[in-house]
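Observations on chain architecture
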Amino acid sequence: MKKIRKILPLSIYDIPGIENWLEEQANLGLFPVFLNSWTTFTPTGIPGTRFRLVVKTGKENELSLEQQELFQKAGWRYAYSVSRIYFLFYTTDPEAAEIYSDLESRGFSLEPLQKRMISCRRRTLLLYSVLTAAVLWMLFFFKSKYDVQPDHSARFTLILLYLFQPGSLLVFVSAFWLWMQHLRDQRLFRRIYRALSQGMAPPPSKGPSKAIVRAQLIMAALLLLLVFSLFINRFDILNPWVNIPIERFFKPYISIQSIEHESVLPWEELFEEEPFGGKQENYAEKKFSFLAPTWYSVTQEAYSSQSGSKPNYFSPKPENGVERYAPDLDATYFNLLIPSLSRPTAEAQLDAYRLVNLEWNYAELSCPGLDFAIYGTEPDGIWQMLAIGKGTRVAVFRYAGREQLSEKLQTLSEAVN
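Computed from a prediction, not measured in an experiment: that's the story for all the values here. (Residues numbered from 1 in each chain as written. Predicted model: local features only at pLDDT ≥ 70, side-chain atom pairs only at ≥ 80, totals over all residues. Heavy atoms only, no water.)

Next up on the list: the overall build of the chain. Along the backbone of the chain there are ten helices and 16 strands. Its C-alpha radius of gyration of 33 Å places the chain more than 25% over the 22 Å reference for a compact globule of 417 residues. For the chain, the spread of C-alpha atoms along the principal axes amounts to about 100 × 45 × 40 Å. A total of 417 residues make up the chain; the buried ones form 41% of that total. Of the roughly 23400 Å² of accessible surface on the chain, 59% is carried by carbon and sulfur atoms. Averaging the locations of the 44 positively and 43 negatively charged side chains of the chain gives two centres separated by 12 Å. (Helix = DSSP H or I, 4+ residues; strand = E, 2+ residues; numbered from the N terminus. Rg over C-alpha atoms; globule rule 2.2 N^0.38 Å. Buried < 20%, exposed > 50% of the residue type's maximum accessible area, 1.4 Å probe, protein only. Areas by Shrake-Rupley, 256 points an atom, 1.4 Å probe, with all protein chains shown as cover. Lys, Arg positive; Asp, Glu negative; His and termini not counted. Charge placed at Lys NZ, Arg CZ, Asp CG, Glu CD.)

Let us now look at the environment of Val242. Inspection of the secondary structure puts Val242 in the loop between α7 (210-234) and β7 (244-245). Separated by 41 residues in sequence, Val242 and Tyr283 have C-alpha atoms that sit 8.2 Å apart.

So, on to a positive patch on the surface. Taken together, the side chains of Arg187, Arg191, Arg194 and Lys206 make up a positively charged region of the molecular surface. Mapping Lys206 onto the fold places it in the loop between α6 (166-197) and α7. (Patch = residues over 30% accessible without salt bridge, like charges linked within 9 Å, V, L, I, M, F, W, Y side chains within 5 Å. Salt bridge = Lys/Arg side-chain N within 4 Å of Asp/Glu carboxyl O.)

Our focus in this paragraph is unusual backbone geometry. One non-glycine residue, Ser83, lies in the positive phi region at around 50°. Taking the relative accessible area as the measure of exposure, Ser83 reaches 23% and is therefore partly exposed. One non-glycine residue with positive phi stands out, namely Arg84, at about 55°. Along the chain, Arg84 turns up in the loop between β5 (77-82) and β6 (86-91).

A contiguous nonpolar surface patch, about 620 Å² in accessible area, is contributed by Leu136, Trp137, Met138, Phe140, Phe141 and Phe142. Note on placement: Phe141 falls in the loop between α4 (111-140) and α5 (156-163). Residue classification places Phe141 among the exposed positions, given a relative accessible area of 58%.

The next point concerns the packing of aromatic side chains. Taken as a whole, this structure holds 18 aromatic pairs when the rule is applied. Between the aromatic rings of Phe51 and Tyr90, the centroid separation amounts to 6.3 Å while the plane-to-plane angle is 40°, which identifies the pairing as tilted. Here the residue Phe51 occupies a position in strand β4 (residues 50-55), and Tyr90 occupies one in strand β6, the gap between them amounting to 39 residues. One exposure class covers both Phe51 and Tyr90, and it is buried. Taken together, a centroid distance of 5.1 Å and an interplanar angle of 25° make the contact between Tyr296 and Tyr333 stacked. Taken together, the residues Tyr296 in strand β10 (residues 292-301) and Tyr333 in strand β12 (residues 328-335) connect sequence positions 37 residues apart. The buried category is assigned to Tyr333, whose relative accessible area is 4%. The structure contains a cluster of three or more aromatic residues connected by ring pairs, namely Phe249, Tyr253, Tyr296, Tyr333 and Phe397. The ring of Phe41 carries Lys6 above its face, with NZ or CZ at 5.8 Å from the centroid. Between the NZ or CZ atom of Arg402 and the centre of the ring of Tyr325, over which it lies, the distance is 3.9 Å. (Phe/Tyr/Trp six-rings, centres within 6.5 Å; stacked < 30°, edge-to-face > 60°. Lys NZ or Arg CZ within 6 Å of the ring centre and 35° of its normal.)

Where burial is concerned, most of β12 is hidden: seven out of the eight residues are buried. In this structure, β10 lies alongside β12, joined through eight bridges in antiparallel fashion. When the bridges of β12 are listed, Glu301 appears paired with Asp328. One ladder, built from eight bridges, connects β12 with strand β16 (residues 393-400); its direction is antiparallel. What sits directly across from Thr332, in β16, is Val396. (Pairing = 2+ DSSP bridges.)

Right, let's get into α4. Here α4 contains 30 residues, and its C-alpha end-to-end distance of 43 Å stays within 8% of the 44 Å for a straight helix at 1.5 Å per residue. Those residues of α4 not exposed but buried are Leu113, Gln114 and Met117. The secondary structure elements touched by the buried residues of α4 are β4, β6 and α6. (Expected span 1.5 Å × (residues − 1). Contact = heavy atoms within 4.5 Å.)

Let us now look at the packing of α5 against helix α9 (residues 342-353). Between α5 and α9, whose axes approach to 7 Å, the crossing angle comes to 100°. When the axes of α5 and α9 are compared, the pair comes out roughly perpendicular. Touching Thr157, Leu158 and Leu161 of α5 are Pro344, Thr345, Ala348, Gln349 and Ala352, all from α9. (Axes fitted to C-alpha atoms, helices over the stretch in contact; angles between N-to-C directions. Parallel < 35°, antiparallel > 145°, perpendicular 65-115°, else oblique.)

Take the packing of α4 against α6 next. Look at α4 against α6: their axes get within 11 Å of each other, and the N-to-C directions meet at 145°. Like other packed secondary-structure pairs, α4 and α6 cross with a definite hand, here left-handed. Within the contact between the two elements, α4 uses Glu111, Leu113, Gln114, Met117 and Arg121 and α6 uses Gln186, Phe189, Arg190 and Tyr193. Class assignment for the residues of the contact of α4 with α6 results in four nonpolar, two polar and three charged. (Left-handed = near helix turned anticlockwise from the far one by under 90°. Nonpolar A, V, L, I, M, F, W, Y, C, P; charged D, E, K, R; others polar.)

Quick look at the structure:
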(Lines give C-alpha, C1' and ligand atoms only; values in the text may rest on other atoms or scores of the structure.)
Protein backbone atom coordinates (compact mmCIF):
# COMPACT_ATOMS: atom_id res chain seq x y z
CA MET A 1 0.00 0.00 0.00
CA LYS A 2 1.25 3.46 -0.87
CA LYS A 3 2.65 5.41 2.08
CA ILE A 4 2.96 9.15 2.45
CA ARG A 5 5.56 10.65 4.78
CA LYS A 6 5.44 14.14 6.26
CA ILE A 7 7.49 15.98 8.84
CA LEU A 8 5.44 16.62 11.95
CA PRO A 9 4.91 20.41 11.74
CA LEU A 10 4.19 20.72 15.46
CA SER A 11 5.93 20.17 18.76
CA ILE A 12 5.51 16.60 19.99
CA TYR A 13 4.13 18.16 23.21
CA ASP A 14 1.47 20.23 21.42
CA ILE A 15 -1.27 17.71 22.22
CA PRO A 16 -4.27 19.72 20.94
CA GLY A 17 -2.35 20.79 17.86
CA ILE A 18 -1.35 17.23 16.91
CA GLU A 19 -4.89 15.94 17.42
CA ASN A 20 -6.34 18.70 15.21
CA TRP A 21 -3.68 18.16 12.55
CA LEU A 22 -4.32 14.41 12.39
CA GLU A 23 -8.03 15.10 12.01
CA GLU A 24 -7.29 17.49 9.13
CA GLN A 25 -5.19 14.77 7.47
CA ALA A 26 -8.03 12.25 7.94
CA ASN A 27 -10.37 14.68 6.18
CA LEU A 28 -7.90 14.55 3.29
CA GLY A 29 -8.11 10.75 3.25
CA LEU A 30 -4.87 10.04 5.19
CA PHE A 31 -4.55 7.78 8.22
CA PRO A 32 -1.40 7.89 10.42
CA VAL A 33 0.38 4.55 10.84
CA PHE A 34 3.47 6.04 12.49
CA LEU A 35 3.80 9.26 14.47
CA ASN A 36 6.96 10.91 15.69
CA SER A 37 9.14 13.68 14.27
CA TRP A 38 8.27 12.11 10.93
CA THR A 39 4.73 10.91 10.31
CA THR A 40 3.73 8.12 7.93
CA PHE A 41 0.24 7.99 6.44
CA THR A 42 -1.67 5.54 4.32
CA PRO A 43 -4.53 6.68 2.03
CA THR A 44 -7.13 4.98 4.23
CA GLY A 45 -8.28 7.96 6.28
CA ILE A 46 -11.98 8.46 6.88
CA PRO A 47 -13.24 12.06 7.01
CA GLY A 48 -14.59 12.96 10.43
CA THR A 49 -12.17 10.69 12.33
CA ARG A 50 -11.21 12.05 15.74
CA PHE A 51 -7.84 11.40 17.39
CA ARG A 52 -6.78 11.59 21.03
CA LEU A 53 -3.38 11.29 22.65
CA VAL A 54 -3.32 9.64 26.08
CA VAL A 55 -0.18 10.05 28.19
CA LYS A 56 1.47 6.82 29.28
CA THR A 57 1.38 6.27 33.02
CA GLY A 58 4.39 3.96 33.15
CA LYS A 59 7.11 2.44 31.01
CA GLU A 60 4.82 0.12 29.06
CA ASN A 61 5.43 0.12 25.31
CA GLU A 62 1.98 -1.10 24.31
CA LEU A 63 -1.48 -0.93 25.80
CA SER A 64 -2.73 -4.22 27.29
CA LEU A 65 -5.58 -6.07 25.59
CA GLU A 66 -7.82 -5.48 28.62
CA GLN A 67 -7.29 -1.74 28.43
CA GLN A 68 -7.84 -1.74 24.67
CA GLU A 69 -11.19 -3.48 25.20
CA LEU A 70 -12.24 -0.87 27.76
CA PHE A 71 -11.53 1.96 25.33
CA GLN A 72 -13.20 0.08 22.49
CA LYS A 73 -16.39 -0.27 24.53
CA ALA A 74 -16.39 3.51 24.84
CA GLY A 75 -16.08 3.82 21.05
CA TRP A 76 -12.32 4.43 20.77
CA ARG A 77 -9.86 2.17 18.97
CA TYR A 78 -6.22 1.87 19.99
CA ALA A 79 -3.74 2.72 17.21
CA TYR A 80 -0.19 2.45 18.59
CA SER A 81 2.41 3.91 20.92
CA VAL A 82 3.75 7.37 20.05
CA SER A 83 7.31 8.41 20.85
CA ARG A 84 7.37 6.56 24.21
CA ILE A 85 5.10 9.34 25.52
CA TYR A 86 1.54 8.67 24.37
CA PHE A 87 -0.93 6.09 23.23
CA LEU A 88 -2.89 7.16 20.15
CA PHE A 89 -6.63 6.47 19.94
CA TYR A 90 -9.11 7.25 17.19
CA THR A 91 -12.83 6.96 16.51
CA THR A 92 -15.00 7.34 13.45
CA ASP A 93 -18.16 7.44 15.57
CA PRO A 94 -19.38 11.04 15.96
CA GLU A 95 -21.48 9.94 18.94
CA ALA A 96 -18.55 8.49 20.90
CA ALA A 97 -18.07 10.30 24.21
CA GLU A 98 -14.77 12.01 24.93
CA ILE A 99 -12.13 9.87 26.64
CA TYR A 100 -11.92 12.42 29.44
CA SER A 101 -15.18 13.75 30.86
CA ASP A 102 -13.83 17.22 31.65
CA LEU A 103 -10.76 19.40 31.22
CA GLU A 104 -9.55 18.94 34.79
CA SER A 105 -9.47 15.15 34.50
CA ARG A 106 -7.49 15.45 31.31
CA GLY A 107 -5.07 17.76 33.10
CA PHE A 108 -4.73 15.13 35.83
CA SER A 109 -3.87 12.56 33.14
CA LEU A 110 -0.84 14.67 32.13
CA GLU A 111 0.76 14.45 35.60
CA PRO A 112 2.92 11.38 34.76
CA LEU A 113 4.45 13.24 31.83
CA GLN A 114 4.96 16.37 33.95
CA LYS A 115 6.80 14.29 36.57
CA ARG A 116 8.94 12.61 33.91
CA MET A 117 9.90 15.99 32.47
CA ILE A 118 10.92 17.28 35.91
CA SER A 119 12.92 14.09 36.52
CA CYS A 120 14.52 14.42 33.09
CA ARG A 121 15.57 18.01 33.83
CA ARG A 122 17.18 16.91 37.09
CA ARG A 123 19.01 14.01 35.44
CA THR A 124 20.19 16.26 32.62
CA LEU A 125 21.46 18.87 35.08
CA LEU A 126 23.25 16.17 37.06
CA LEU A 127 24.78 14.66 33.91
CA TYR A 128 26.08 17.99 32.64
CA SER A 129 27.40 18.85 36.10
CA VAL A 130 29.29 15.55 36.29
CA LEU A 131 30.66 15.95 32.74
CA THR A 132 31.75 19.52 33.44
CA ALA A 133 33.44 18.46 36.67
CA ALA A 134 35.19 15.58 34.88
CA VAL A 135 36.48 17.83 32.10
CA LEU A 136 37.71 20.45 34.57
CA TRP A 137 39.41 17.73 36.60
CA MET A 138 41.10 16.30 33.51
CA LEU A 139 42.27 19.75 32.39
CA PHE A 140 43.38 21.28 35.66
CA PHE A 141 43.83 18.57 38.29
CA PHE A 142 44.69 15.24 36.65
CA LYS A 143 48.33 14.24 36.93
CA SER A 144 49.89 11.18 35.35
CA LYS A 145 52.26 9.30 37.60
CA TYR A 146 54.75 9.34 34.72
CA ASP A 147 54.61 13.11 34.23
CA VAL A 148 57.55 14.70 36.02
CA GLN A 149 56.74 18.25 34.88
CA PRO A 150 52.95 18.71 34.73
CA ASP A 151 51.46 22.03 33.70
CA HIS A 152 47.65 21.91 33.76
CA SER A 153 47.12 25.12 31.81
CA ALA A 154 49.87 24.67 29.21
CA ARG A 155 47.65 23.26 26.47
CA PHE A 156 44.71 25.61 26.90
CA THR A 157 45.31 27.44 23.61
CA LEU A 158 45.64 24.17 21.70
CA ILE A 159 42.38 22.99 23.24
CA LEU A 160 40.83 26.27 22.09
CA LEU A 161 41.93 25.55 18.51
CA TYR A 162 40.39 22.08 18.72
CA LEU A 163 37.14 23.52 20.05
CA PHE A 164 36.94 25.75 16.97
CA GLN A 165 37.32 22.84 14.58
CA PRO A 166 34.25 22.20 12.40
CA GLY A 167 33.55 18.84 14.05
CA SER A 168 33.66 20.31 17.56
CA LEU A 169 31.48 23.26 16.58
CA LEU A 170 29.05 20.85 14.94
CA VAL A 171 28.69 18.98 18.25
CA PHE A 172 28.07 22.23 20.14
CA VAL A 173 25.63 23.57 17.55
CA SER A 174 23.70 20.27 17.53
CA ALA A 175 23.58 20.16 21.34
CA PHE A 176 22.50 23.81 21.53
CA TRP A 177 19.84 23.28 18.85
CA LEU A 178 18.44 20.25 20.69
CA TRP A 179 18.47 22.18 23.95
CA MET A 180 16.56 25.10 22.40
CA GLN A 181 13.96 22.74 20.92
CA HIS A 182 13.64 20.99 24.27
CA LEU A 183 13.11 24.30 26.10
CA ARG A 184 10.45 25.30 23.57
CA ASP A 185 8.66 21.98 24.05
CA GLN A 186 8.85 22.19 27.83
CA ARG A 187 7.39 25.72 27.92
CA LEU A 188 4.54 24.68 25.64
CA PHE A 189 3.72 21.59 27.69
CA ARG A 190 3.79 23.53 30.98
CA ARG A 191 1.25 26.01 29.61
CA ILE A 192 -1.05 23.18 28.47
CA TYR A 193 -0.67 21.30 31.77
CA ARG A 194 -1.33 24.35 33.96
CA ALA A 195 -4.45 25.32 32.03
CA LEU A 196 -5.98 21.84 32.01
CA SER A 197 -5.10 21.22 35.67
CA GLN A 198 -7.09 24.32 36.55
CA GLY A 199 -10.07 23.15 34.50
CA MET A 200 -9.46 25.69 31.74
CA ALA A 201 -9.12 25.11 28.03
CA PRO A 202 -5.48 24.81 26.95
CA PRO A 203 -3.98 27.75 25.05
CA PRO A 204 -4.92 27.46 21.38
CA SER A 205 -2.36 25.72 19.24
CA LYS A 206 -0.62 27.85 16.65
CA GLY A 207 -1.15 24.97 14.25
CA PRO A 208 1.29 23.59 11.70
CA SER A 209 4.45 25.68 11.57
CA LYS A 210 6.95 25.97 8.73
CA ALA A 211 9.53 27.07 11.32
CA ILE A 212 9.18 23.73 13.13
CA VAL A 213 9.55 21.86 9.84
CA ARG A 214 12.72 23.84 9.08
CA ALA A 215 13.99 23.12 12.57
CA GLN A 216 13.42 19.39 12.07
CA LEU A 217 15.25 19.46 8.72
CA ILE A 218 18.15 21.43 10.17
CA MET A 219 18.42 19.01 13.10
CA ALA A 220 18.39 16.03 10.74
CA ALA A 221 21.12 17.63 8.60
CA LEU A 222 23.25 18.44 11.68
CA LEU A 223 22.95 14.88 12.99
CA LEU A 224 23.85 13.41 9.59
CA LEU A 225 26.91 15.66 9.37
CA LEU A 226 27.86 14.77 12.93
CA VAL A 227 27.59 11.03 12.30
CA PHE A 228 29.57 11.38 9.06
CA SER A 229 32.27 13.41 10.83
CA LEU A 230 32.55 10.91 13.70
CA PHE A 231 32.69 8.01 11.24
CA ILE A 232 35.46 9.61 9.19
CA ASN A 233 37.48 10.47 12.30
CA ARG A 234 37.02 6.96 13.70
CA PHE A 235 38.53 5.28 10.64
CA ASP A 236 41.75 6.97 9.54
CA ILE A 237 41.77 5.04 6.29
CA LEU A 238 38.68 7.02 5.22
CA ASN A 239 40.09 10.38 6.32
CA PRO A 240 41.99 12.08 3.49
CA TRP A 241 43.64 14.48 5.95
CA VAL A 242 45.65 11.95 7.97
CA ASN A 243 48.56 9.65 7.12
CA ILE A 244 49.28 11.53 3.90
CA PRO A 245 52.45 10.07 2.34
CA ILE A 246 55.04 12.80 2.41
CA GLU A 247 55.73 12.45 -1.32
CA ARG A 248 52.09 13.44 -1.95
CA PHE A 249 52.12 16.36 0.49
CA PHE A 250 52.77 19.74 -1.09
CA LYS A 251 52.57 22.27 1.74
CA PRO A 252 55.92 23.78 2.78
CA TYR A 253 57.85 22.05 5.55
CA ILE A 254 61.42 21.69 6.77
CA SER A 255 62.90 18.43 5.52
CA ILE A 256 65.03 16.42 7.90
CA GLN A 257 67.77 16.27 5.27
CA SER A 258 68.10 20.07 5.36
CA ILE A 259 69.27 20.11 9.00
CA GLU A 260 71.54 17.04 8.92
CA HIS A 261 75.22 17.24 8.08
CA GLU A 262 75.28 13.54 7.34
CA SER A 263 73.38 12.18 4.36
CA VAL A 264 70.17 10.52 5.54
CA LEU A 265 67.47 8.75 3.55
CA PRO A 266 64.01 7.31 4.18
CA TRP A 267 63.91 3.60 4.94
CA GLU A 268 62.31 2.75 1.58
CA GLU A 269 65.08 4.47 -0.40
CA LEU A 270 67.90 3.11 1.70
CA PHE A 271 66.83 -0.52 2.03
CA GLU A 272 64.42 -0.74 -0.92
CA GLU A 273 61.77 -2.38 1.26
CA GLU A 274 58.85 -1.44 3.47
CA PRO A 275 59.59 -0.48 7.10
CA PHE A 276 58.93 -3.01 9.87
CA GLY A 277 55.26 -4.04 9.89
CA GLY A 278 54.58 -1.87 6.84
CA LYS A 279 54.29 1.19 9.09
CA GLN A 280 54.47 4.50 7.26
CA GLU A 281 57.29 6.57 8.77
CA ASN A 282 57.16 9.75 6.72
CA TYR A 283 53.71 11.27 6.57
CA ALA A 284 51.70 14.44 7.09
CA GLU A 285 48.42 15.25 8.76
CA LYS A 286 46.22 18.27 8.03
CA LYS A 287 43.88 19.90 10.50
CA PHE A 288 41.60 22.91 10.36
CA SER A 289 40.29 25.32 12.93
CA PHE A 290 38.49 28.60 12.39
CA LEU A 291 41.23 30.06 14.59
CA ALA A 292 43.97 28.32 12.57
CA PRO A 293 42.97 28.08 8.89
CA THR A 294 46.39 26.56 8.14
CA TRP A 295 47.38 23.79 10.55
CA TYR A 296 49.34 20.67 9.69
CA SER A 297 52.03 18.38 11.04
CA VAL A 298 54.81 16.44 9.34
CA THR A 299 56.57 13.37 10.79
CA GLN A 300 59.91 12.31 9.36
CA GLU A 301 62.33 9.46 10.10
CA ALA A 302 65.55 8.96 8.20
CA TYR A 303 68.60 6.70 8.29
CA SER A 304 72.26 7.21 7.59
CA SER A 305 73.58 5.58 4.48
CA GLN A 306 76.62 4.54 6.55
CA SER A 307 76.75 2.45 9.70
CA GLY A 308 77.89 4.81 12.42
CA SER A 309 80.18 4.21 15.37
CA LYS A 310 78.30 6.54 17.73
CA PRO A 311 75.45 4.73 19.56
CA ASN A 312 72.03 6.13 18.89
CA TYR A 313 68.84 5.92 20.99
CA PHE A 314 67.17 3.87 18.24
CA SER A 315 68.63 0.93 16.37
CA PRO A 316 66.41 -0.17 13.49
CA LYS A 317 68.97 -2.43 11.85
CA PRO A 318 72.23 -3.10 13.76
CA GLU A 319 75.08 -4.21 11.52
CA ASN A 320 77.96 -6.06 13.08
CA GLY A 321 77.01 -4.66 16.46
CA VAL A 322 77.17 -1.08 15.22
CA GLU A 323 74.01 1.03 15.33
CA ARG A 324 72.92 3.00 12.30
CA TYR A 325 72.27 6.71 12.89
CA ALA A 326 68.51 7.36 12.62
CA PRO A 327 67.25 10.88 13.39
CA ASP A 328 63.58 11.86 13.84
CA LEU A 329 61.91 15.19 13.16
CA ASP A 330 58.30 16.00 14.06
CA ALA A 331 56.96 19.44 13.21
CA THR A 332 53.65 21.25 13.42
CA TYR A 333 52.93 24.41 11.44
CA PHE A 334 50.23 27.01 12.12
CA ASN A 335 48.94 30.11 10.39
CA LEU A 336 46.63 31.65 12.96
CA LEU A 337 43.74 34.03 12.57
CA ILE A 338 44.67 36.13 15.63
CA PRO A 339 48.32 37.25 16.04
CA SER A 340 48.11 37.30 19.85
CA LEU A 341 47.53 33.53 19.82
CA SER A 342 50.93 32.82 18.26
CA ARG A 343 53.10 32.45 21.35
CA PRO A 344 50.43 30.70 23.49
CA THR A 345 49.86 28.26 20.62
CA ALA A 346 53.59 27.60 20.31
CA GLU A 347 53.89 26.95 24.05
CA ALA A 348 50.84 24.67 23.98
CA GLN A 349 52.28 22.63 21.11
CA LEU A 350 55.61 22.40 22.93
CA ASP A 351 53.78 20.86 25.85
CA ALA A 352 51.93 18.50 23.50
CA TYR A 353 55.29 17.36 22.08
CA ARG A 354 56.86 17.05 25.53
CA LEU A 355 57.88 13.53 26.57
CA VAL A 356 56.34 13.50 30.02
CA ASN A 357 58.91 11.26 31.71
CA LEU A 358 61.71 13.75 31.01
CA GLU A 359 62.56 17.02 32.75
CA TRP A 360 62.66 19.82 30.20
CA ASN A 361 64.53 23.11 30.35
CA TYR A 362 63.45 26.04 28.21
CA ALA A 363 65.43 29.04 27.03
CA GLU A 364 64.68 32.06 24.88
CA LEU A 365 66.83 32.37 21.78
CA SER A 366 67.39 35.49 19.73
CA CYS A 367 67.05 35.39 15.98
CA PRO A 368 66.63 38.43 13.70
CA GLY A 369 63.23 38.45 12.01
CA LEU A 370 61.49 36.20 14.55
CA ASP A 371 59.05 37.36 17.21
CA PHE A 372 60.17 34.56 19.52
CA ALA A 373 62.19 31.37 19.63
CA ILE A 374 61.81 28.94 22.55
CA TYR A 375 64.40 26.18 22.83
CA GLY A 376 63.68 23.06 24.92
CA THR A 377 66.25 20.47 26.01
CA GLU A 378 66.31 17.43 28.29
CA PRO A 379 69.27 16.16 30.36
CA ASP A 380 70.09 13.10 28.23
CA GLY A 381 70.56 15.28 25.15
CA ILE A 382 68.63 12.90 22.91
CA TRP A 383 65.55 15.03 22.36
CA GLN A 384 65.22 18.74 21.59
CA MET A 385 62.29 21.02 20.90
CA LEU A 386 62.07 24.42 19.27
CA ALA A 387 59.13 26.78 18.80
CA ILE A 388 59.40 29.83 16.57
CA GLY A 389 56.90 32.46 15.51
CA LYS A 390 56.54 35.48 13.30
CA GLY A 391 53.25 37.36 13.07
CA THR A 392 50.52 34.76 12.73
CA ARG A 393 52.85 31.98 11.60
CA VAL A 394 54.18 29.43 14.07
CA ALA A 395 56.33 26.31 13.72
CA VAL A 396 57.13 23.85 16.51
CA PHE A 397 59.76 21.12 16.14
CA ARG A 398 60.68 18.01 18.12
CA TYR A 399 63.93 16.39 17.10
CA ALA A 400 66.05 13.39 18.07
CA GLY A 401 69.48 13.29 16.50
CA ARG A 402 73.03 14.65 16.55
CA GLU A 403 72.36 18.18 15.35
CA GLN A 404 71.63 21.15 17.63
CA LEU A 405 68.40 22.91 16.72
CA SER A 406 69.71 26.09 18.35
CA GLU A 407 72.37 26.19 15.62
CA LYS A 408 69.80 25.64 12.86
CA LEU A 409 67.61 28.67 13.57
CA GLN A 410 68.35 30.29 10.23
CA THR A 411 67.22 27.18 8.34
CA LEU A 412 64.23 26.51 10.56
CA SER A 413 63.06 30.14 10.44
CA GLU A 414 62.16 29.60 6.78
CA ALA A 415 59.07 27.78 8.09
CA VAL A 416 57.52 31.07 9.28
CA ASN A 417 58.84 33.45 6.62
